[in-house]
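So the chains spell out like this:
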Amino acid sequence: MPEGKPFEISKWAVLEAWKRVRANQGAAGVDGTSVEGFEKRLKNNLYRIWNRMSSGSYVPPAVRRVMIPKDDGKERPLGIPTVGDRVAQMVVKMHLEPIVERLFHADSYGYRPGKSALDAIGACRRRCWRYDWVVDLDIKGFFDNIDHSLMMHAVRKHTDCPWVLLYIERWLKAPVQVGDGEPEARDKGTPQGGVVSPLLANIFLHHVFDTWMAREYPGCPFERYADDVVIHCRTEAEALKVKYAVEQRLRRCRLEAHPEKTRLVYCHDSNRRRTYSHIQFDFLGYGFRPRSALNQRAGRYFTSFVPAISRKAMKVIVQTVRGWRLHMASDKELADLSRMFNKNIRGWVNYYGRYYPSALRRTFDCVNRRLVRWAMKKYKRFRGHQRAATHWLRRLAREQPELFAHWRLGFVP
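Residues numbered from 1 in each chain as written. Predicted model: local features only at pLDDT ≥ 70, side-chain atom pairs only at ≥ 80, totals over all residues. Heavy atoms only, no water.

Before going further, it helps to spend a moment on the environment of I80. Mapped onto the elements of the fold, I80 is located in strand 2 (residues 75-80). For I80, a relative accessible area of 11% puts it in the buried group. Along the chain, I80 and R311 lie 231 residues apart, while their C-alpha atoms are 29 Å from each other. Leaving out residues up to four positions away in the same chain, I80 has contacts with A27, A28, G29, V63, R64, V66 and R86. (Helix = DSSP H or I, 4+ residues; strand = E, 2+ residues; numbered from the N terminus. Buried < 20%, exposed > 50% of the residue type's maximum accessible area, 1.4 Å probe, protein only. Contact = heavy atoms within 4.5 Å.)

Written as C-alpha coordinates, this is what we have:
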(Lines give C-alpha, C1' and ligand atoms only; values in the text may rest on other atoms or scores of the structure.)
Protein backbone atom coordinates (compact mmCIF):
# COMPACT_ATOMS: atom_id res chain seq x y z
CA MET A 1 0.00 0.00 0.00
CA PRO A 2 1.37 3.51 -0.85
CA GLU A 3 2.83 5.18 2.20
CA GLY A 4 0.26 7.34 3.99
CA LYS A 5 -2.50 6.42 1.51
CA PRO A 6 -5.68 4.71 2.70
CA PHE A 7 -6.44 3.14 -0.70
CA GLU A 8 -4.18 0.86 -2.69
CA ILE A 9 -4.37 2.05 -6.30
CA SER A 10 -1.34 1.42 -8.49
CA LYS A 11 0.22 4.05 -10.69
CA TRP A 12 0.26 1.45 -13.46
CA ALA A 13 -3.56 1.29 -13.34
CA VAL A 14 -3.80 5.07 -13.78
CA LEU A 15 -1.33 4.97 -16.70
CA GLU A 16 -3.21 2.11 -18.37
CA ALA A 17 -6.50 3.96 -17.85
CA TRP A 18 -5.01 7.01 -19.58
CA LYS A 19 -3.94 4.92 -22.59
CA ARG A 20 -7.50 3.67 -23.02
CA VAL A 21 -8.99 7.15 -22.66
CA ARG A 22 -6.52 8.53 -25.20
CA ALA A 23 -7.41 5.75 -27.66
CA ASN A 24 -11.12 6.62 -27.33
CA GLN A 25 -10.48 10.37 -27.76
CA GLY A 26 -13.66 12.38 -27.08
CA ALA A 27 -14.58 16.02 -26.45
CA ALA A 28 -13.41 18.31 -23.65
CA GLY A 29 -15.37 18.60 -20.42
CA VAL A 30 -16.25 21.66 -18.34
CA ASP A 31 -12.57 22.63 -17.93
CA GLY A 32 -12.11 22.94 -21.70
CA THR A 33 -9.08 20.63 -21.68
CA SER A 34 -8.82 18.33 -24.69
CA VAL A 35 -7.06 14.97 -24.79
CA GLU A 36 -4.10 16.68 -26.49
CA GLY A 37 -4.06 19.43 -23.88
CA PHE A 38 -4.15 16.89 -21.04
CA GLU A 39 -1.21 15.04 -22.59
CA LYS A 40 1.00 18.15 -22.60
CA ARG A 41 1.24 17.91 -18.80
CA LEU A 42 0.69 14.19 -18.65
CA LYS A 43 3.02 13.28 -15.78
CA ASN A 44 1.62 15.95 -13.46
CA ASN A 45 -1.99 15.24 -14.44
CA LEU A 46 -1.72 11.48 -13.90
CA TYR A 47 0.14 11.91 -10.61
CA ARG A 48 -2.59 14.26 -9.35
CA ILE A 49 -5.32 11.72 -10.22
CA TRP A 50 -3.41 8.85 -8.57
CA ASN A 51 -2.58 10.90 -5.48
CA ARG A 52 -6.15 12.07 -4.93
CA MET A 53 -7.76 8.71 -5.66
CA SER A 54 -5.31 6.92 -3.34
CA SER A 55 -5.92 9.40 -0.53
CA GLY A 56 -9.71 9.40 -0.89
CA SER A 57 -9.79 13.11 -1.72
CA TYR A 58 -10.74 12.81 -5.40
CA VAL A 59 -13.97 14.70 -6.09
CA PRO A 60 -15.34 14.52 -9.65
CA PRO A 61 -15.83 17.86 -11.41
CA ALA A 62 -19.19 18.73 -12.97
CA VAL A 63 -20.23 16.90 -16.13
CA ARG A 64 -20.74 19.04 -19.23
CA ARG A 65 -24.20 18.42 -20.65
CA VAL A 66 -24.89 18.73 -24.37
CA MET A 67 -28.11 17.88 -26.18
CA ILE A 68 -27.96 15.40 -29.06
CA PRO A 69 -30.76 15.34 -31.69
CA LYS A 70 -32.84 12.13 -31.80
CA ASP A 71 -34.51 10.55 -34.82
CA ASP A 72 -37.96 11.70 -33.65
CA GLY A 73 -36.93 15.37 -33.59
CA LYS A 74 -36.46 15.46 -29.83
CA GLU A 75 -33.13 15.68 -27.99
CA ARG A 76 -31.37 13.46 -25.50
CA PRO A 77 -28.81 14.67 -22.96
CA LEU A 78 -25.21 13.53 -23.22
CA GLY A 79 -22.85 14.02 -20.28
CA ILE A 80 -19.20 14.73 -21.07
CA PRO A 81 -16.78 14.34 -18.12
CA THR A 82 -13.40 16.04 -18.16
CA VAL A 83 -10.49 14.06 -19.60
CA GLY A 84 -9.01 13.65 -16.12
CA ASP A 85 -12.32 12.38 -14.77
CA ARG A 86 -12.56 9.90 -17.65
CA VAL A 87 -9.16 8.54 -16.57
CA ALA A 88 -10.37 8.19 -12.96
CA GLN A 89 -13.56 6.45 -14.13
CA MET A 90 -11.51 4.10 -16.29
CA VAL A 91 -9.44 3.08 -13.24
CA VAL A 92 -12.66 1.99 -11.49
CA LYS A 93 -14.03 0.32 -14.62
CA MET A 94 -10.82 -1.70 -15.06
CA HIS A 95 -11.14 -2.94 -11.48
CA LEU A 96 -14.87 -3.72 -11.50
CA GLU A 97 -15.55 -4.99 -15.02
CA PRO A 98 -13.62 -8.32 -14.73
CA ILE A 99 -15.57 -9.10 -11.54
CA VAL A 100 -19.04 -8.61 -13.01
CA GLU A 101 -18.46 -9.51 -16.66
CA ARG A 102 -18.38 -13.27 -16.08
CA LEU A 103 -21.72 -13.03 -14.21
CA PHE A 104 -23.68 -11.13 -16.85
CA HIS A 105 -26.42 -12.81 -18.84
CA ALA A 106 -25.46 -14.25 -22.24
CA ASP A 107 -28.16 -12.13 -23.94
CA SER A 108 -26.88 -8.84 -22.54
CA TYR A 109 -24.93 -7.39 -25.48
CA GLY A 110 -24.35 -3.69 -24.81
CA TYR A 111 -20.86 -2.34 -24.03
CA ARG A 112 -19.43 -5.77 -23.30
CA PRO A 113 -16.09 -7.23 -24.43
CA GLY A 114 -16.54 -9.71 -27.28
CA LYS A 115 -20.19 -8.79 -27.89
CA SER A 116 -21.71 -6.38 -30.39
CA ALA A 117 -24.97 -4.90 -31.59
CA LEU A 118 -24.79 -7.13 -34.68
CA ASP A 119 -24.63 -10.18 -32.40
CA ALA A 120 -27.84 -9.01 -30.73
CA ILE A 121 -29.53 -8.43 -34.09
CA GLY A 122 -28.51 -11.91 -35.28
CA ALA A 123 -29.95 -13.55 -32.15
CA CYS A 124 -33.13 -11.51 -32.49
CA ARG A 125 -33.47 -12.54 -36.13
CA ARG A 126 -33.21 -16.25 -35.32
CA ARG A 127 -35.72 -16.03 -32.48
CA CYS A 128 -38.25 -14.08 -34.53
CA TRP A 129 -38.40 -17.12 -36.82
CA ARG A 130 -39.08 -19.43 -33.85
CA TYR A 131 -41.39 -17.27 -31.71
CA ASP A 132 -44.56 -15.65 -33.05
CA TRP A 133 -44.68 -12.64 -30.75
CA VAL A 134 -42.33 -9.90 -29.54
CA VAL A 135 -42.56 -7.48 -26.64
CA ASP A 136 -40.75 -4.37 -27.90
CA LEU A 137 -39.68 -2.80 -24.59
CA ASP A 138 -38.68 0.85 -24.27
CA ILE A 139 -37.52 2.04 -20.81
CA LYS A 140 -38.45 5.70 -20.49
CA GLY A 141 -35.44 7.93 -19.78
CA PHE A 142 -33.45 5.06 -18.34
CA PHE A 143 -30.06 6.73 -17.84
CA ASP A 144 -31.69 9.85 -16.39
CA ASN A 145 -33.88 7.99 -13.90
CA ILE A 146 -31.73 5.28 -12.30
CA ASP A 147 -32.30 5.41 -8.55
CA HIS A 148 -28.98 6.04 -6.77
CA SER A 149 -29.72 3.97 -3.68
CA LEU A 150 -30.83 0.98 -5.78
CA MET A 151 -27.78 1.42 -8.01
CA MET A 152 -25.41 1.30 -5.05
CA HIS A 153 -27.28 -1.69 -3.64
CA ALA A 154 -26.68 -3.53 -6.94
CA VAL A 155 -22.97 -2.59 -7.02
CA ARG A 156 -22.44 -3.76 -3.43
CA LYS A 157 -23.61 -7.23 -4.46
CA HIS A 158 -20.39 -7.51 -6.48
CA THR A 159 -17.72 -5.64 -4.53
CA ASP A 160 -16.92 -4.36 -1.08
CA CYS A 161 -13.85 -2.45 -2.28
CA PRO A 162 -14.16 0.85 -0.36
CA TRP A 163 -12.59 3.14 -2.97
CA VAL A 164 -14.68 1.68 -5.80
CA LEU A 165 -17.88 2.24 -3.82
CA LEU A 166 -16.78 5.71 -2.72
CA TYR A 167 -16.05 6.99 -6.20
CA ILE A 168 -19.05 5.39 -7.90
CA GLU A 169 -21.29 7.13 -5.36
CA ARG A 170 -19.54 10.43 -6.03
CA TRP A 171 -19.92 10.04 -9.79
CA LEU A 172 -23.60 9.32 -9.42
CA LYS A 173 -24.00 12.56 -7.48
CA ALA A 174 -21.66 14.69 -9.61
CA PRO A 175 -23.43 17.87 -10.80
CA VAL A 176 -24.12 18.66 -14.45
CA GLN A 177 -23.37 21.96 -16.14
CA VAL A 178 -25.11 23.33 -19.22
CA GLY A 179 -23.08 25.88 -21.17
CA ASP A 180 -21.62 28.52 -18.86
CA GLY A 181 -24.37 28.13 -16.28
CA GLU A 182 -24.09 27.07 -12.70
CA PRO A 183 -23.63 23.33 -11.99
CA GLU A 184 -26.92 21.62 -11.13
CA ALA A 185 -27.14 18.92 -8.47
CA ARG A 186 -28.55 15.49 -9.39
CA ASP A 187 -30.40 13.06 -7.17
CA LYS A 188 -30.93 10.30 -9.75
CA GLY A 189 -29.55 9.02 -13.03
CA THR A 190 -26.07 8.45 -14.41
CA PRO A 191 -24.87 10.60 -17.34
CA GLN A 192 -24.77 8.99 -20.77
CA GLY A 193 -21.26 9.60 -22.01
CA GLY A 194 -19.40 8.71 -18.83
CA VAL A 195 -16.80 5.94 -18.99
CA VAL A 196 -18.28 4.00 -16.07
CA SER A 197 -21.96 4.67 -16.87
CA PRO A 198 -22.49 1.78 -19.34
CA LEU A 199 -21.00 -0.69 -16.86
CA LEU A 200 -23.22 0.65 -14.07
CA ALA A 201 -26.25 0.41 -16.37
CA ASN A 202 -25.45 -3.23 -17.10
CA ILE A 203 -25.02 -4.02 -13.40
CA PHE A 204 -28.35 -2.35 -12.62
CA LEU A 205 -30.32 -4.06 -15.38
CA HIS A 206 -28.60 -7.37 -14.67
CA HIS A 207 -30.49 -7.41 -11.37
CA VAL A 208 -33.60 -5.47 -12.36
CA PHE A 209 -34.27 -7.32 -15.62
CA ASP A 210 -31.87 -10.08 -16.76
CA THR A 211 -31.82 -12.36 -13.73
CA TRP A 212 -35.48 -11.60 -12.99
CA MET A 213 -36.53 -12.63 -16.52
CA ALA A 214 -34.40 -15.77 -16.38
CA ARG A 215 -36.06 -16.70 -13.09
CA GLU A 216 -39.68 -15.72 -13.80
CA TYR A 217 -39.97 -16.38 -17.56
CA PRO A 218 -37.23 -18.84 -18.55
CA GLY A 219 -39.20 -19.80 -21.68
CA CYS A 220 -39.13 -16.24 -23.06
CA PRO A 221 -35.66 -15.41 -24.41
CA PHE A 222 -34.62 -11.80 -24.92
CA GLU A 223 -31.91 -9.57 -26.33
CA ARG A 224 -30.83 -6.55 -24.32
CA TYR A 225 -28.42 -3.87 -25.52
CA ALA A 226 -28.12 -1.41 -22.61
CA ASP A 227 -31.74 -0.23 -22.17
CA ASP A 228 -32.94 -1.45 -25.59
CA VAL A 229 -34.82 -4.74 -25.09
CA VAL A 230 -36.70 -7.28 -27.23
CA ILE A 231 -38.54 -10.20 -25.56
CA HIS A 232 -39.80 -13.24 -27.52
CA CYS A 233 -43.05 -15.06 -26.69
CA ARG A 234 -44.96 -17.97 -28.20
CA THR A 235 -48.52 -16.63 -27.94
CA GLU A 236 -50.32 -13.31 -27.67
CA ALA A 237 -51.56 -14.25 -24.20
CA GLU A 238 -48.03 -14.98 -23.04
CA ALA A 239 -46.75 -11.71 -24.54
CA LEU A 240 -49.48 -9.71 -22.77
CA LYS A 241 -48.65 -11.41 -19.49
CA VAL A 242 -44.91 -10.75 -19.85
CA LYS A 243 -45.47 -7.13 -20.89
CA TYR A 244 -47.63 -6.45 -17.83
CA ALA A 245 -45.19 -8.21 -15.49
CA VAL A 246 -42.18 -6.30 -16.86
CA GLU A 247 -44.02 -2.98 -16.48
CA GLN A 248 -44.77 -3.83 -12.84
CA ARG A 249 -41.19 -4.93 -12.22
CA LEU A 250 -39.82 -1.66 -13.60
CA ARG A 251 -42.19 0.37 -11.44
CA ARG A 252 -40.99 -1.46 -8.34
CA CYS A 253 -37.43 -0.53 -9.33
CA ARG A 254 -38.43 3.13 -9.88
CA LEU A 255 -38.32 2.98 -13.65
CA GLU A 256 -41.09 3.13 -16.27
CA ALA A 257 -41.82 1.35 -19.52
CA HIS A 258 -42.64 3.98 -22.14
CA PRO A 259 -46.45 3.78 -22.45
CA GLU A 260 -46.49 4.54 -26.19
CA LYS A 261 -43.29 2.86 -27.40
CA THR A 262 -43.60 -0.41 -25.47
CA ARG A 263 -45.89 -2.71 -27.47
CA LEU A 264 -46.61 -6.19 -28.78
CA VAL A 265 -45.51 -7.11 -32.30
CA TYR A 266 -46.69 -10.08 -34.37
CA CYS A 267 -43.92 -11.67 -36.49
CA HIS A 268 -45.99 -12.00 -39.66
CA ASP A 269 -44.64 -14.16 -42.50
CA SER A 270 -45.81 -16.75 -45.07
CA ASN A 271 -46.68 -19.24 -42.33
CA ARG A 272 -48.03 -16.74 -39.78
CA ARG A 273 -50.79 -14.82 -41.49
CA ARG A 274 -52.87 -13.50 -38.65
CA THR A 275 -53.96 -9.86 -38.94
CA TYR A 276 -52.51 -7.65 -36.20
CA SER A 277 -52.01 -3.90 -35.78
CA HIS A 278 -48.22 -4.07 -35.22
CA ILE A 279 -46.09 -6.28 -37.46
CA GLN A 280 -42.76 -4.42 -37.30
CA PHE A 281 -40.31 -2.97 -34.81
CA ASP A 282 -36.90 -1.27 -34.77
CA PHE A 283 -33.90 -2.61 -32.89
CA LEU A 284 -30.39 -1.11 -32.94
CA GLY A 285 -30.85 0.65 -36.28
CA TYR A 286 -32.48 -2.32 -38.00
CA GLY A 287 -36.14 -2.57 -38.92
CA PHE A 288 -37.68 -6.02 -38.36
CA ARG A 289 -40.72 -6.65 -40.57
CA PRO A 290 -42.15 -8.99 -43.21
CA ARG A 291 -39.97 -8.91 -46.35
CA SER A 292 -39.72 -10.85 -49.57
CA ALA A 293 -37.06 -13.59 -49.51
CA LEU A 294 -35.93 -16.22 -52.03
CA ASN A 295 -36.15 -19.92 -51.21
CA GLN A 296 -32.99 -21.10 -52.98
CA ARG A 297 -34.04 -24.75 -53.02
CA ALA A 298 -37.57 -24.19 -54.36
CA GLY A 299 -36.59 -21.24 -56.55
CA ARG A 300 -39.51 -19.09 -55.41
CA TYR A 301 -40.11 -16.10 -53.20
CA PHE A 302 -41.87 -16.14 -49.86
CA THR A 303 -42.47 -13.70 -46.99
CA SER A 304 -40.00 -13.85 -44.12
CA PHE A 305 -39.77 -11.76 -40.93
CA VAL A 306 -36.25 -10.37 -41.22
CA PRO A 307 -34.18 -7.28 -40.34
CA ALA A 308 -32.82 -4.65 -42.71
CA ILE A 309 -31.65 -1.09 -42.26
CA SER A 310 -34.45 0.90 -40.60
CA ARG A 311 -36.12 3.91 -42.17
CA LYS A 312 -34.78 6.08 -39.34
CA ALA A 313 -31.22 4.93 -40.02
CA MET A 314 -31.69 5.57 -43.75
CA LYS A 315 -32.84 9.10 -43.01
CA VAL A 316 -29.81 9.79 -40.79
CA ILE A 317 -27.40 8.55 -43.48
CA VAL A 318 -29.06 10.63 -46.21
CA GLN A 319 -28.94 13.75 -44.02
CA THR A 320 -25.27 13.11 -43.26
CA VAL A 321 -24.41 12.70 -46.96
CA ARG A 322 -26.26 15.92 -47.79
CA GLY A 323 -24.17 17.69 -45.17
CA TRP A 324 -20.96 16.60 -46.90
CA ARG A 325 -21.85 18.73 -49.97
CA LEU A 326 -19.48 16.55 -51.95
CA HIS A 327 -21.12 17.59 -55.23
CA MET A 328 -19.70 21.09 -54.62
CA ALA A 329 -16.10 19.85 -54.16
CA SER A 330 -15.10 20.37 -57.79
CA ASP A 331 -11.57 21.24 -56.67
CA LYS A 332 -11.12 17.62 -55.51
CA GLU A 333 -10.30 14.50 -57.47
CA LEU A 334 -12.39 11.35 -57.12
CA ALA A 335 -9.59 9.72 -55.08
CA ASP A 336 -9.74 12.70 -52.69
CA LEU A 337 -13.48 12.21 -52.18
CA SER A 338 -12.83 8.54 -51.51
CA ARG A 339 -10.26 9.37 -48.82
CA MET A 340 -12.62 11.93 -47.27
CA PHE A 341 -15.82 9.89 -47.14
CA ASN A 342 -15.17 6.20 -47.76
CA LYS A 343 -14.45 5.48 -44.09
CA ASN A 344 -17.99 6.56 -43.20
CA ILE A 345 -19.50 4.63 -46.09
CA ARG A 346 -17.52 1.51 -45.18
CA GLY A 347 -18.79 1.75 -41.60
CA TRP A 348 -22.40 1.92 -42.79
CA VAL A 349 -21.89 -0.98 -45.20
CA ASN A 350 -20.23 -3.16 -42.55
CA TYR A 351 -23.01 -2.53 -40.04
CA TYR A 352 -26.20 -2.23 -42.10
CA GLY A 353 -25.06 -4.63 -44.82
CA ARG A 354 -24.81 -7.65 -42.51
CA TYR A 355 -28.52 -8.50 -42.92
CA TYR A 356 -30.63 -7.98 -46.06
CA PRO A 357 -27.98 -5.79 -47.75
CA SER A 358 -30.10 -5.15 -50.85
CA ALA A 359 -32.12 -2.67 -48.74
CA LEU A 360 -29.06 -0.39 -48.80
CA ARG A 361 -29.35 0.30 -52.52
CA ARG A 362 -31.83 3.16 -52.07
CA THR A 363 -29.77 4.57 -49.22
CA PHE A 364 -26.58 4.83 -51.26
CA ASP A 365 -28.34 6.25 -54.29
CA CYS A 366 -27.92 9.60 -52.56
CA VAL A 367 -24.12 9.21 -52.67
CA ASN A 368 -24.14 8.21 -56.33
CA ARG A 369 -26.42 11.10 -57.31
CA ARG A 370 -24.04 13.57 -55.68
CA LEU A 371 -21.04 11.97 -57.36
CA VAL A 372 -22.78 12.43 -60.71
CA ARG A 373 -23.42 16.09 -59.88
CA TRP A 374 -19.77 16.44 -58.80
CA ALA A 375 -18.60 15.05 -62.17
CA MET A 376 -20.90 17.45 -64.04
CA LYS A 377 -19.42 20.41 -62.16
CA LYS A 378 -15.81 19.30 -62.40
CA TYR A 379 -15.56 18.27 -66.06
CA LYS A 380 -16.71 20.55 -68.88
CA ARG A 381 -17.58 17.60 -71.13
CA PHE A 382 -20.25 16.50 -68.66
CA ARG A 383 -21.89 19.86 -68.02
CA GLY A 384 -25.54 19.48 -68.90
CA HIS A 385 -24.97 15.80 -69.72
CA GLN A 386 -26.13 13.80 -66.71
CA ARG A 387 -26.39 10.55 -68.65
CA ALA A 388 -22.78 10.78 -69.87
CA ALA A 389 -21.53 11.56 -66.35
CA THR A 390 -23.50 8.60 -64.99
CA HIS A 391 -22.05 6.22 -67.60
CA TRP A 392 -18.51 7.46 -66.88
CA LEU A 393 -18.90 6.90 -63.13
CA ARG A 394 -20.52 3.51 -63.72
CA ARG A 395 -17.50 2.41 -65.77
CA LEU A 396 -15.13 3.64 -63.04
CA ALA A 397 -17.16 1.80 -60.41
CA ARG A 398 -16.71 -1.47 -62.30
CA GLU A 399 -12.99 -0.88 -62.88
CA GLN A 400 -12.21 0.40 -59.36
CA PRO A 401 -14.92 -0.91 -57.01
CA GLU A 402 -12.64 -0.36 -54.00
CA LEU A 403 -12.92 3.44 -54.34
CA PHE A 404 -16.25 3.50 -52.51
CA ALA A 405 -17.43 0.70 -50.23
CA HIS A 406 -20.97 0.61 -51.63
CA TRP A 407 -19.64 0.10 -55.16
CA ARG A 408 -18.25 -3.27 -54.06
CA LEU A 409 -21.82 -4.36 -53.30
CA GLY A 410 -22.85 -3.49 -56.86
CA PHE A 411 -24.60 -0.25 -55.86
CA VAL A 412 -23.14 1.75 -58.76
CA PRO A 413 -24.47 4.95 -60.41
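This is not the end of the story, as more comes after the structure.
Our next topic: helix 10 (residues 236-252). The first and last C-alpha atoms of helix 10 sit 25 Å apart over 17 residues, in line with the 24 Å expected at 1.5 Å per residue. Buried within helix 10 we find A239, V242, K243, A245, V246, E247, R249 and L250. For helix 10, the elements touching its buried residues are strand 3 (133-138), helix 9 (197-216), strand 6 (228-233) and strand 7 (263-266). One or two positions beyond helix 10, positive phi appears at R254, with a value near 65°. (Expected span 1.5 Å × (residues − 1).)

This part covers the sheet that holds strand 2. Pairing in this open sheet of three strands is mixed, and the strands run 2-1-4 from one edge to the other. A single partner strand is all that each edge strand has here, and the edge strands are strand 2 and strand 4 (176-178). Averaged over all neighbouring strand pairs, the angle between strand axes comes to 45°, with direction disregarded. Of the pairings in the sheet, the one linking strand 1 (residues 63-69) to strand 4 comprises three bridges and is parallel in character. The residue of strand 4 that forms the bridge with R64 is Q177. (Pairing = 2+ DSSP bridges. Axes fitted to C-alpha atoms, helices over the stretch in contact; angles between N-to-C directions.)

Next up on the list: the packing of helix 9 against helix 10. In the contact formed by helix 9 and helix 10, the axes pass within 10 Å of each other and the chain directions differ by 145°. In the packing of helix 9 onto helix 10, the handedness of the crossing is right-handed. Across the interface between the two elements, H207, V208, F209, W212 and M213 from helix 9 touch A245, V246, R249, L250 and R252 from helix 10. Across the contact of helix 9 with helix 10, the residue classes break down as seven nonpolar, one polar and two charged. (Left-handed = near helix turned anticlockwise from the far one by under 90°. Nonpolar A, V, L, I, M, F, W, Y, C, P; charged D, E, K, R; others polar.)

Summarising the element assignment, R361 is placed in helix 13 (residues 360-378). Residues R361 and W12, 349 residues apart in the sequence, show an inter-C-alpha distance of 49 Å. When residues no more than four places from it in sequence are discounted, the contact partners of R361 are G410 and F411.

Next up on the list: the nonpolar core. Residues M53, W163 and I231 are the most contacted members of the largest nonpolar core, which totals 70 residues. Here this core takes ten residues from helix 9, the largest share from any one element. Within the second largest apolar cluster, 58 residues are counted, among which are Y225, V321, L360 and A405. (Core = buried A, V, L, I, M, F, W, Y, C linked by side-chain atoms within 4.5 Å.)

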